[in-house]
Amino acid sequence: MASEVVMVDEFQFPKSIAPTASKALHLVGYGITDMEIHFLQIKFTAIGIYLNAEVASHLQGWKGKSGAEILADDDFFDSLCGAPVDKFIRVVVIKELKGAQYGLQLENAVRDRLAAIDKFEEEEEEALEKLVEFFQGKYLKKNSLITYHFSASTKTVEVSFLAEGKEENKLAKTVVENENVAAMIKKWYLGGSSAVSQNTVKTLADGMAALLKQ
């Protein structure tokens, strides 16, 4: 019997999940965020990208392309981000850090992307501040779980945090209502050559190439 999980670093990621009562979403890409410091690889988070299989119907222009061809084409990832299907990003903490540090990384990435296209206004700043406050005061211990759910029916993103990934701990949630901020959080993880984890983007490209062949 085929395994129902994929190992990402030392963590189990289910091959499919159902964040709501809607259709199951499938693990299409996965990887880690890391950095080399003095010849040592420091791993920060493990990432899983879950998509509704119907996403392929919105990306038929890339049907038959290889993973390498998709990986080299940022237009593909722009179209993927814009496709009107549910997307779910599952992030597991490997190296513990303060929530404020993670929030700052997220804030800088989103603000820089919005500023580059002249879309960082007061509303975006307020939405980002609210998100940073959500992570403030939390301690992201190993195994802690952060999720981002982008619904096909809205332009928002629901963010959740579960300390140490333990069900008995209280699940914290917030919603980013600002469309521009939500879109750039999505691009932070799914944005092709500008995404936070290039090894995740590579497996996502390979996974989408396989999905487009079906």
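Going by what an unreviewed UniProt entry lists, the protein chain is known as Chalcone-flavonone isomerase family protein and is assigned to Picea sitchensis.

**Side note on the side chain of Asn52**
Within the secondary structure layout, Asn52 lies in the loop between β5 (40–51) and α1 (67–71). With a relative accessible area of 12%, Asn52 lands in the buried category. Here Glu54 takes part through its backbone nitrogen, which lies 2.8 Å from a polar atom of the side chain of Asn52. Once you skip the residues sitting within four places of it in the chain, Asn52 turns out to touch Lys23, Leu25, Val85 and Asp86.

**As for the side chain of Lys87**
By secondary structure assignment, the location of Lys87 is in strand β6 (residues 87–93). For the buried Lys87, which has no salt bridge, the nearest side chain bearing the opposite charge is Asp86, at an N-O separation of 7.7 Å. Engagement of the side chain of Lys87 in a polar contact is seen with the backbone oxygen of Val85, the distance being 3.3 Å. Here Lys87 is in contact with Leu25, Tyr50, Leu51, Leu80, Cys81, Tyr148, His149, Phe150, Lys186 and Leu190, once residues within four sequence places are set aside.

**Re helix α2 (residues 74–82)**
Among the residues making up α2, those that are buried are Phe76, Phe77, Leu80 and Cys81. The buried residues of α2 occupy an angular sector of 135 degrees when the element is viewed end-on, so they sit on one face. Structural note: α2 exposes Asp75 and Gly82 on the side pointing more than 90 degrees away from its buried face. Capping the start of α2, Asp73 holds a side-chain oxygen 3.0 Å from the backbone nitrogen of Asp75, two or three residues further along.

**Here we look at the sheet that holds strand β10 (residues 157–162)**
Within the open sheet, the seven strands sit side by side as β3-β4-β5-β6-β9-β10-β11. Their pairing is antiparallel. On the outer flanks of this sheet lie β3 (16–17) and β11 (172–176), each paired with one strand and no other. Bridge count for β6 against strand β9 (residues 145–150) is six bridges, and the pairing is antiparallel. The partner of Lys87 across the bridge, within β9, is Phe150. Where helix α4 (residues 122–135) meets the sheet, its contacts fall on β9, β10 and β11, and the angle it forms with β11 comes to roughly 170 degrees.

**Some thoughts on the pattern of salt bridges**
Evaluation of the coordinates by the stated rule reveals seven salt bridges. In this structure, Lys187 engages Asp78 in a salt bridge whose closest nitrogen and oxygen atoms are separated by 3.0 Å. Of this pair, Lys187 sits in helix α5 (residues 179–190) while Asp78 is found in helix α2, placing the two residues 109 residues apart along the sequence. Its relative accessible area of 25% is what places Lys187 among the partly exposed residues.

**With respect to the packing of helix α3 (residues 99–116) against α5**
Interhelical geometry of α3 versus α5 gives an angle of 105 degrees and a closest axis separation of 9 Å. Comparing the axis directions of α3 and α5 gives the class roughly perpendicular. Facing Tyr102, Gln105, Leu106, Ala109, Val110, Arg113 and Leu114 of α3, the residues of α5 in contact are Asn180, Val181, Met184, Ile185, Lys187, Trp188 and Tyr189. By residue class, the composition of the contact of α3 with α5 is ten nonpolar, two polar and two charged.

**A short note on the pairing of β10**
A large share of β10 lies buried, amounting to five of its six residues. Note: β9 against β10, five bridges, orientation antiparallel. Its bridge partner lying in β10, Ile146 is registered against Phe161. Hairpin connection from β9 to β10: six residues lie between these consecutive antiparallel strands. Direction of pairing for β10 relative to β11: antiparallel, over a ladder of five bridges. Its bridge partner being in β11, Ser160 is matched across the sheet by Lys173.

Rules used in this analysis
- Residues numbered from 1 in each chain as written.
- Predicted model: local features only at pLDDT ≥ 70, side-chain atom pairs only at ≥ 80, totals over all residues.
- Heavy atoms only, no water.
- Helix = DSSP H or I, 4+ residues; strand = E, 2+ residues; numbered from the N terminus.
- Buried < 20%, exposed > 50% of the residue type's maximum accessible area, 1.4 Å probe, protein only.
- Polar contact = N/O pair within 3.5 Å; in protein donor to acceptor, adjacent residues only side chain to side chain.
- Contact = heavy atoms within 4.5 Å.
- Lys, Arg positive; Asp, Glu negative; His and termini not counted.
- Salt bridge = Lys/Arg side-chain N within 4 Å of Asp/Glu carboxyl O.
- Arc of directions from axis to C-beta.
- Pairing = 2+ DSSP bridges.
- Axes fitted to C-alpha atoms, helices over the stretch in contact; angles between N-to-C directions.
- Parallel < 35°, antiparallel > 145°, perpendicular 65-115°, else oblique.
- Nonpolar A, V, L, I, M, F, W, Y, C, P; charged D, E, K, R; others polar.

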